[in-house]
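# A closer look at the structure
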Amino acid sequence: MPSSRHASAAVHPPYADMIVEAILALKDHRGSSNAAIFKYLESNFVGCNRSIMGTQLKAMLVQGKLHKCKASYMLPPELLLSQLVQASVKTPKKATPKKATPKKATPKKA
């Protein structure tokens, strides 16, 4: 007999990816708090769970993917650099040529 509670597939990326994206987007040099990270996840992804996020934060700390400073989470410097390099490679900026504006002829005073 099938149960009425089925585990549905998540409609968002893995929590580790979302957490890294949130920390990069918040751009706080002192780190991002648990509440700030969750608020970012709620506003940008559907179906986020605070307890699962907390578990993932602890797991990422153990794995060395995050550093904790007081009550804030930060990316380690080597991971931060690699994320910034990947972001710059994914979205290269196009050089827009500047249009030459013709100078207006001003009447000279005598």
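These remarks concern the structure in this document. Predicted, not measured: the structure shown is a model, and the values here were computed from it.

We now examine the packing of helix α1 (residues 15-26) against helix α3 (residues 50-63). Here α1 crosses α3 at 80°, and the two axes come no closer than 10 Å. In terms of their interaxial angle, α1 and α3 are classed as roughly perpendicular. Between α1 and α3, the contacting residues are Y15, A16, I19 and V20 on the first element and I52, M53, Q56, L57 and M60 on the second. When the residues that make up the contact of α1 with α3 are grouped by side-chain class, the tally is eight nonpolar, one polar and no charged.

Ranked by size, the top nonpolar core spans 19 residues in total, and within it I19, I37, L41, M53 and L66 carry the most contacts. Mapped onto this core, the elements with two or more residues apiece are α1, α2 (34-44) and α3. Among the elements that make up this core, the one with the highest residue count is α1 (seven residues).

The rules behind the values
Residues numbered from 1 in each chain as written. Predicted model: local features only at pLDDT ≥ 70, side-chain atom pairs only at ≥ 80, totals over all residues. Heavy atoms only, no water. Axes fitted to C-alpha atoms, helices over the stretch in contact; angles between N-to-C directions. Helix = DSSP H or I, 4+ residues; strand = E, 2+ residues; numbered from the N terminus. Parallel < 35°, antiparallel > 145°, perpendicular 65-115°, else oblique. Contact = heavy atoms within 4.5 Å. Nonpolar A, V, L, I, M, F, W, Y, C, P; charged D, E, K, R; others polar. Core = buried A, V, L, I, M, F, W, Y, C linked by side-chain atoms within 4.5 Å. Buried < 20%, exposed > 50% of the residue type's maximum accessible area, 1.4 Å probe, protein only.

So, to be careful, I would describe these as geometric facts and stop short of saying anything about function.
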